[in-house]
Amino acid sequence: MSATKKIPRVHSTCPHDCPSTCALEVEVVDDRTIGRVYGAKDNSYTAGVVCAKVARYAERIHHPDRLGQPLRRVGRKAVGLSEFEVISWDEALNEVATQFQKSIDQHGSETLWPYHYAGTMGLLQRDALDCFRHTLKTSRQHATFCITLADAGWIAGTGAKRGSEPREMANSDLIVVWGGNPVSTQVNVMQHISRARRERQAKLVVVDPYRTPTAEKADLHLMLRPGSDGALACAVMHVLFAETLVDKDYLEKYTDVPAELEKHLLHKTPEWAAEITGLRTEEIIAFARLYGQTQRSFIRLGYGFSRSRNGAANVHAVTCLPALTGAWQYPGGGALYSNSGMYGVDQTLIKGLDRVDNNTRVLDQSRIGDVLCGNPRDLQGGPPVTAMIIQNTNPVVVAPETRKVIAGMQRDDLFVCVHEQFMTETAAMADIVLPATMFLEHDDFYQAGGHTHLQTTRPVIEPFAECRSNHRVLSGLAKRMGISHVCFETGSRELIDQSLRQSGYPTEDDLYHQHWHDCAYDFDTTNFLNGFGTPDSKFHFKPDWKRVGQDTDGLPELPDHMPVMNQSDEEHPFRLVAAPARHFLNTSFTETPTSVRYEKRPTILIHPADAAALKIEDGGKVRVGNQLADLVLHARIFDGVQRGVVVIESIWPNKAFEEGLGVNALISAEPGKPNGGAVFHDTAVWVRAVD
Ligand SMILES: Nc1nc2c(c(=O)[nH]1)N[C@H]1C(S)=C(S)[C@@H](COP(=O)(O)OP(=O)(O)OC[C@H]3O[C@@H](n4cnc5c(=O)[nH]c(N)nc54)[C@H](O)[C@@H]3O)O[C@H]1N2
Ligand SMILES: Nc1nc2c(c(=O)[nH]1)N[C@H]1C(S)=C(S)[C@@H](COP(=O)(O)OP(=O)(O)OC[C@H]3O[C@@H](n4cnc5c(=O)[nH]c(N)nc54)[C@H](O)[C@@H]3O)O[C@H]1N2
Ligand code: SF4
Ligand SMILES: [Mo]
């Protein structure tokens, strides 16, 4: 009988760092146990679909290795659980507060660097750390792991971080997935694309350096060289002008310098771009014609192609396409990168924005290695970093230049507290480790990059063991350090409620009971037909780069190929793409057995002809390296890349590689222009067979 009994389901929202922010239905077996997780069917964006790794979330939340008690390190760094002893919450928080105070007394408040990213995207549990920074006047953080390059490129032309309604993809006749891999990274995008293909025979084009699972489904896959998207976009625009496939009225009304652009593009021919991209001239022309002849064309921009030294310029070049054809005017037309700028949630209370001190320094998150190793340029004349609290991120694995990050974290005079769900490689470096709740165990609220819904969640089950939420931990520390702010003296649900009210949204209670609130704008506003977000309301082919970042040297005035990538050369003949793996989410889920079974082991994809030339066999061991490091992994021979391009799907922990060093050891921490941003897919390497 019990086998057929229906398990009750409770609403929640996926907190992971993924544009989909899926509305969920979670099976609740009892007040400590969940069953399967489903996508909410009646949410028009999630539409009943979630990725496989979250569907089996029970494996993560009820994992035997989950941290449950506060820990103090008694042994060596970088080893793991065996080097820690269990302590009480009081002991742990007292020790952290005492050590922080000691550091501040010795070096001043900027010696403390609270460090976080987006392990949870909840607006409370992710961002309350900002309030801790501001009230203590610690060093601040330039968050450059993910969005900075893409933001700069998108906003340069459009002036606003929002775009076409994602559900409109179902009404498109042509969908271009540019530098993204939604089958792996935000699966429900595919649902809307499939509808357009089924109901309208829409075409799917994918622009990606390798044959991803998304590219496999495409009608046309433009398999270009990494970092060459600006050239491709320019050649497409050249054809659009040359074959009068542009919308002159639209250009006149909505854009800044169309005549200047046309002239600038005269020599950016498909032949010119073929040379740079490695694509065939005919492919480029065919794509340009298809794009120019389809009114309802929807470009879905991924992050992937922004993670290059020229990434912002390339993103901007691609955003010019719908402005040429006027695709923005049609249902199912336009482009979307992210909608996170459309919500206007007032986070003053949560982030402590009333206490910001603009004199405190801002340290670059992606340069944590240089910061901790004391690079004077990074420290900006201020004190060394001698104390950190880390929440929601695993920098020892995800940040560039791993060797430097590890060296910095090994410093004896650095005190680190890591608040985590698992003994990550970052937690293993900590002096104090605090156990963190997961999203089904605390309150939070969420906006989404990939759609338009605002959602509120409450605990679905009891917290595991002694786990505490980020907000609760920070409130406990604030009290011990004698700092006061509404954020730390108000309960989490109340804070969410106040923030929602201040933003003109429904109350926490209403929002929780209605599950989500659709914040979508009307069509004309959404598609910028009432004007773009720039000062003159026009789309800018010729952006004022200074509006989006300070380091503008070398950025092209008008869309162009910007040849500043880490070019391959005789010593480093390959370009490496360090793309995300389907069954991990950054390093999250690298602890779940099913994900590891699917991903198998760290692997490098290499073209058959390159493999033959290097005497590399399928499954054989390979060493890959550059001036920063070298590492060992296994090869898979794969004809879905150009010659001279290799791919390592990530982000495996360092320890999953034979010599204990993972892919980010090869990635440079040089910031992209004009506003910083890590260049994860912009690396030249050598590759050798290992006998
Ligand atoms: N399964 C899974 N899902 C994830 C993540 C994960 O790690 N795993 N990570 C999450 C996070 S934090 C983010 S930000 C998103 C990111 O998701 P996406 O927007 O999909 O971006 P990326 O994953 O960085 O890269 C996507 C694709 O860009 C391609 N690419 C790399 N360089 C270039 C280039 O120069 N030109 C072009 N045209 N393409 C290029 C890569 O080959 C890759 O296939 O996904 C989220 N979802
Ligand atoms: N090679 C390579 N490197 C990359 C990328 C790439 O494409 N290639 N992508 C980059 C990108 S786009 C990003 S966004 C970064 C992401 O890098 P990170 O933000 O570091 O993402 P994760 O590795 O998932 O680590 C998040 C951690 O937060 C913890 N966590 C989750 N929820 C909570 C919570 O509520 N409280 C606390 N205290 N902890 C929590 C999880 O257990 C997990 O260990 O990685 C970047 N690194
Ligand atoms: S697709 Fe993204 S948002 Fe949806 S369940 Fe998976 S990780 Fe979460
Ligand atoms: Mo990201």
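Up top is the structure these notes are about.
Residues numbered from 1 in each chain as written. Chains lettered and ligands numbered in written order. Predicted model: local features only at pLDDT ≥ 70, side-chain atom pairs only at ≥ 80, totals over all residues. Heavy atoms only, no water.

(A) Geometry of the overall build of the protein. Regarding its fold elements, the protein presents 27 helices and 25 strands. For the protein, the C-alpha radius of gyration of 25 Å lies close to 26 Å, the compact-globule estimate for 691 residues. The proportion of buried residues among the 691 residues of the protein is 64%. Taking all contacts inside the protein whose residues are at least 6 apart in sequence as the whole, residues at least 24 apart take part in 75%. In the form shown here, the protein has an accessible surface area of approximately 25000 Å², with 47% of it arising from carbon and sulfur atoms. Distance from the positive charge centre (72 side chains) to the negative charge centre (85 side chains) of the protein: 2 Å. (Helix = DSSP H or I, 4+ residues; strand = E, 2+ residues; numbered from the N terminus. Rg over C-alpha atoms; globule rule 2.2 N^0.38 Å. Buried < 20%, exposed > 50% of the residue type's maximum accessible area, 1.4 Å probe, protein only. Contact = heavy atoms within 4.5 Å. Areas by Shrake-Rupley, 256 points an atom, 1.4 Å probe, with all protein chains shown as cover. Lys, Arg positive; Asp, Glu negative; His and termini not counted. Charge placed at Lys NZ, Arg CZ, Asp CG, Glu CD.)

(B) Spatial organisation of unusual backbone geometry. Ser650 connects to Ile651 through a cis peptide bond whose omega is 10 degrees. Among the secondary structure elements, Ile651 is positioned in the loop between β24 (645-648) and β25 (683-689). With omega at 5 degrees, the peptide bond leading from Lys673 into Pro674 counts as cis. Looking at the element boundaries, Pro674 is found in the loop between β24 and β25.

(C) Spotlight on the layout of surface pockets. By volume, the second largest pocket amounts to about 530 Å³. Lining of the second largest pocket is provided by 26 residues; of these, Tyr598, Glu599, Leu605, Arg636 and Glu649 occupy positions nearest its centre. Within the residue set of the lining of the second largest pocket, elements represented by two or more residues are α8 (213-216), α26 (593-599), β21 (603-606) and β23 (630-637). Partitioned by chemical class, the residues of the lining of the second largest pocket number 10 nonpolar, 7 polar and 9 charged. Mapped onto the domain boundaries, the lining of the second largest pocket takes at least three residues apiece from domain 3 (149-340 + 524-547) and domain 4 (574-689). (1 Å grid on protein atoms, 1.4 Å probe; cavity = no way out; pocket = protein on both sides within 12 Å on 5 of 7 lines; lining within 4 Å. Points joined across faces, edges and corners; volume = space filled by probe spheres on them. Nonpolar A, V, L, I, M, F, W, Y, C, P; charged D, E, K, R; others polar. Domains from an automatic or database assignment.)

(D) Structural view of the site of ligand 1. The full set close to ligand 1 counts 31 residues, and Asp208, Gly227, Asp229, Tyr303 and Phe584 are the nearest of them. For ligand 1, an oxygen atom lies 3.1 Å from a polar atom in the backbone of Gly304. Between ligand 1 and Arg582 there is a distance of 2.9 Å, counted from a nitrogen atom to a backbone nitrogen or oxygen. A total of 910 Å² of accessible area belongs to ligand 1 in isolation, and the protein chains cover 98% of it. (Near = heavy atom within 4 Å. Polar contact = N/O pair within 3.5 Å; in protein donor to acceptor, adjacent residues only side chain to side chain.)

(E) Region of interest: the nonpolar core. Counting 117 residues, the largest nonpolar core has Trp178, Met388, Phe541 and Val687 as the members making the most contacts within it. The element best represented in this core is helix α9 (residues 229-242), accounting for 10 residues. When residues no more than four places from it in sequence are discounted, the contact partners of Val687 are Phe574, Ile604, Ile606, Leu614, Ile616, Val622, Arg623, Val624 and Val646. The next biggest cluster of nonpolar side chains, apart from the first, holds 44 residues, and it includes Met342, Ala448, Phe488 and Tyr505. (Core = buried A, V, L, I, M, F, W, Y, C linked by side-chain atoms within 4.5 Å.)

(F) Geometry of the sheet that holds strand β15 (residues 415-420). Reading across the sheet, the 6 strands line up as β5-β4-β16-β15-β14-β6 and stay open at both edges, with mixed pairing between neighbours. Of all strands in the sheet, those bounded by a partner on one side alone are β5 (84-86) and β6 (115-116). Bridging between β15 and strand β16 (residues 432-435) involves 4 bridges; their strand directions are parallel. Its bridge partner being in β16, Glu420 is matched across the sheet by Pro435. Here helix α21 (residues 470-480) sits on the sheet in contact with β14 (387-391), β15 and β16, set at roughly 155 degrees to β14. (Pairing = 2+ DSSP bridges. Axes fitted to C-alpha atoms, helices over the stretch in contact; angles between N-to-C directions.)

(G) The arrangement of the site of ligand 2 in detail. In the vicinity of ligand 2 lie 32 residues, with Thr393, Glu420, Thr587, Ser588 and Asn664 positioned nearest. The separation between an oxygen atom of ligand 2 and a polar side-chain atom of Glu420 is 2.5 Å. Between Thr587 and ligand 2, the recorded distance is 2.4 Å, taken from a side-chain N or O atom to an oxygen atom. Protein contacts shield 97% of the accessible area of ligand 2, which totals 920 Å² for the unbound molecule. The residue inventory of the shell around ligand 2, partitioned by class, reads 11 nonpolar, 17 polar and 4 charged. Residue contributions to the shell around ligand 2 reach at least three from each of two domains, namely domain 2 (71-143 + 346-437 + 462-496) and domain 4 (574-689).

(H) Region of the structure containing the packing of α9 against helix α14 (residues 311-319). Where α9 contacts α14, the axes come no closer than 8 Å and their chain directions differ by 20 degrees. If you check the angle between α9 and α14, you find them roughly parallel. The two elements α9 and α14 meet at a crossing, and its hand is left-handed. In this structure, α9 contributes Asp229, Gly230, Ala233 and Met237 to the contact, and α14 contributes Asn314, Ala317 and Val318. When grouped by side-chain class, the residues that make up the contact of α9 with α14 number 4 nonpolar, 2 polar and 1 charged. (Parallel < 35°, antiparallel > 145°, perpendicular 65-115°, else oblique. Left-handed = near helix turned anticlockwise from the far one by under 90°.)

(I) Structural view of the packing of helix α12 (residues 270-277) against helix α13 (residues 281-292). Where α12 meets α13, the closest approach of the two axes is 8 Å, and the angle between their N-to-C directions is 120 degrees. One way to sum up the angle between α12 and α13 is to call them oblique. For the crossing formed where α12 meets α13, the hand is right-handed. Taken together, the residues of α13 that come into contact with α12 (itself represented by Pro270, Glu271, Ala273, Ala274 and Thr277) are Thr281, Ile284 and Ile285. For the contact of α12 with α13, the class distribution of residues is 5 nonpolar, 2 polar and 1 charged.

(J) View of the sheet that holds β23. Here 6 strands make up a closed barrel; going around it, the order is β20-β24-β21-β23-β22-β25 and the pairing mixed. If you compare each strand with its neighbour and ignore which way they point, the axes differ by 45 degrees on average. Of the strand pairs in this sheet, β21 and β23 are connected by 4 bridges, and their pairing is parallel. Note that in β23 the partner of Thr603 across the bridge is His634.

(K) How the structure looks around the pattern of salt bridges. Under the criterion given, the structure shown has 43 salt bridges. In this structure, Arg167 engages Glu165 in a salt bridge whose closest nitrogen and oxygen atoms are separated by 2.7 Å. Judged by relative accessible area, Glu165 falls into the buried class, the value being 14%. Several salt bridges share partner residues, and in doing so they unite Arg367, Asp370, Asp378, Glu401 and Lys404 into one network. (Salt bridge = Lys/Arg side-chain N within 4 Å of Asp/Glu carboxyl O.)

(L) A look at the side chain of Asp229. Within the element layout of this structure, Asp229 appears in helix α9. Despite its burial, Asp229 pairs with no opposite charge, the nearest such side chain being Arg575 at 8.3 Å. A distance of 2.7 Å separates a polar atom in the side chain of Asp229 from a polar atom in the side chain of Trp178. The contacts of Asp229, once residues within four sequence positions are left out, are Trp178, Val207, Leu224, Phe305 and Asn314.

(M) How the structure looks around helix α5 (residues 148-158). Here α5 lies mainly inside the structure; 10 of its 11 residues are buried. For α5, the complete set of buried residues consists of Thr148, Leu149, Ala150, Asp151, Ala152, Gly153, Trp154, Ala156, Gly157 and Thr158. Where the residues of α5 are buried, they touch β7 (140-142), β11 (297-301), α14 and β12 (334-336). Immediately downstream of α5, the backbone of Gly159 shows phi near 80 degrees, a positive value.

Limitation: the analysis is restricted to geometry and does not speak to function.
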